[in-house]
Structure formats: structure tokens, C-alpha cells
Amino acid sequence: MDYYKQILKRKSFHIFKNPGVITDDEMQRLNDFLHIVKPLNTEIKTEIHIVPESETTCKRGGQFCILFYSESKDEYLRNIGYIGEQIDLYLASHNIGALWFGIGTPNDRKINGLDYVIMISIAKMPENKFRKDLSKSKRKPLSEIWDCGKQ
């Protein structure tokens, strides 16, 4: 997948108005993708689950929520963010809108000894709802968000 192209297309949805339906075939392909997504740190145990949005406190009009679970270790948040962004870009490539919903909670706060971290609410959206021109987006300059060479 061309992640860069999807970065230009990706848009964060704050609420899903008039969403379409994510088909069973699209869900199967998403589940297949979840099995090949790469973590930053393979030593940190993680799990990803997809549930109907109704099984969470997120009420933004999404069809499903992708739930991220992790063991709490150094850099676990960065690891989950890295995994989640790959998924977010995959979703954009299939016209599935995404909303990172940090204040939401799922019914299951712990799975297989792993703690719930964050969710992404998702819904099928028309292609014209995604970004077409990156220059119209409000982005901080690279110098404000990245200091190359420092770790």
C-alpha cells in the first residue's frame, strides 16, 4: 500500500453523517490487514478487536470501533499509535472514515491480561468526504512536531 498517498487523502471525521455500510467483504479484508500490521516493538504484547460501536461509549455514528489493547511497558503508547496509524491509512484507502476516540471506553476494559488503550470509530464514507488537497488542511510546520536527529 502507498501510505504516503493515503496520508494526503486521510481525514479525521468528528462525527459520521449519513454513513454507508461497511460490507462483510470489507470487514474480512480489514481483519486480514490487522494480522499483517507491523508494530514498532514486537516485545510489547498487543491485541486489536473490532466491535459494533454500540458496545462502546462512542456515539459518533460509526458502524464499528477498532479497540486497541496492550501491556503497559515503556513506549506502549507509541507502539499502539504506530499500529493505529497504519490501520487508519488502510481505512482511508478503502473509503472508510476514522475517528480516534480517546475518551471512549469499551465494555471490556481488559482482554487476555492486556489493558484497553484507545479506539478508532469507523464508518463507510463517500470518497468526496475525504481530503483532496493537502494544502487546505491545517497542519503544524514540521519543525514544530519533529526534531530530526534527537531521540
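Everything that follows concerns the structure shown earlier in this document.
Residues numbered from 1 in each chain as written. Predicted model: local features only at pLDDT ≥ 70, side-chain atom pairs only at ≥ 80, totals over all residues. Heavy atoms only, no water.

Participant: Please clarify how the overall build of the protein should be interpreted in this entry.
Facilitator: For the protein, the count of helices and strands is 4 helices and 5 strands. When the elements of the protein are put in sequence order from the N terminus, they spell out α-α-β-β-α-β-β-β-α. When the accessible surface of the protein is totalled, it reaches about 9500 Å², and 51% of it is carbon and sulfur. (Helix = DSSP H or I, 4+ residues; strand = E, 2+ residues; numbered from the N terminus. Areas by Shrake-Rupley, 256 points an atom, 1.4 Å probe, with all protein chains shown as cover.)

Participant: Help me understand the environment of K45 in this model?
Facilitator: Here K45 is to be found in the loop between helix 2 (24-34) and strand 1 (46-52). Taking C-alpha positions, K45 is 8.9 Å from S72, a pair spaced 27 residues apart along the chain. Not counting residues up to four positions away in its chain, the partners in contact with K45 are Y69, S70, E71 and L114. (Contact = heavy atoms within 4.5 Å.)

Participant: Looking at this model, I keep getting lost on unusual backbone geometry. Mind explaining?
Facilitator: Peptide bonds are trans in most cases, and residues, glycine excluded, mostly fall at negative phi. Of note in this structure, N95 is not a glycine but carries a positive phi near 55°. Notably, N112 is not glycine yet its phi reads approximately 50°, a positive angle. Here N112 lies in the loop between strand 4 (110-111) and strand 5 (114-124). Exposure remark for N112: the relative accessible area of 64% places this residue in the exposed category. (Buried < 20%, exposed > 50% of the residue type's maximum accessible area, 1.4 Å probe, protein only.)

Participant: It is not clear to me how helix 2 should be interpreted in this structure. Could you clarify?
Facilitator: Given 3.6 residues to a turn, an α-helix orients residues that are three or four positions apart in the same direction. All of the buried residues in helix 2 are E26, M27, L30, F33 and L34. Down the axis of helix 2, the buried side of the element spans an arc of 120°, and every buried residue falls inside it. (Arc of directions from axis to C-beta.)

Participant: How do you make sense of the pattern of salt bridges when you look at a structure like this?
Facilitator: Side chains carrying opposite charge are able to pair once their charged atoms draw close together. In total, this model carries 5 salt bridges according to the counting rule given. With its nearest N and O atoms 3.4 Å apart, the salt bridge here joins R29 to D25. Taken together, the residues R29 and D25, both in helix 2 and 4 residues apart, mark about one turn of the helix. Classification of D25 by relative accessible area gives partly exposed; the value is 48%. The salt bridge involving E71 is made with K73; its shortest N-O contact spans 3.7 Å. (Salt bridge = Lys/Arg side-chain N within 4 Å of Asp/Glu carboxyl O.)

Participant: When you look at a positive patch on the surface in this model, what are you seeing that I'm missing?
Facilitator: A surface patch of like charges, here positive, comprises K11, K17, K129 and K132. Structurally, K17 can be placed in the loop between helix 1 (3-9) and helix 2. With relative accessibility at 61%, the residue K17 sits in the exposed group. (Patch = residues over 30% accessible without salt bridge, like charges linked within 9 Å, V, L, I, M, F, W, Y side chains within 5 Å. Lys, Arg positive; Asp, Glu negative; His and termini not counted. Charge placed at Lys NZ, Arg CZ, Asp CG, Glu CD.)

Participant: Is there a simple way to think about the nonpolar core in this case?
Facilitator: Inside soluble globular proteins, nonpolar side chains tend to come together where they are buried. The biggest cluster of nonpolar side chains holds 20 residues, and the ones touching the most others in it are L30, I66, F68, I87, L91 and I122. Examining the composition of this core, we find that 5 residues originate from one element, helix 3 (residues 76-93), more than from any other. Non-local contacts of L30, meaning those with residues more than four positions away in its chain, are made with I50, I66, I87, Y90, L91 and I122. Core analysis: the second largest hydrophobic core is formed by 17 residues, F13, F101, I111 and M125 among them. (Core = buried A, V, L, I, M, F, W, Y, C linked by side-chain atoms within 4.5 Å.)

Remember that the coordinates give geometry; whether it matters functionally is a separate question.
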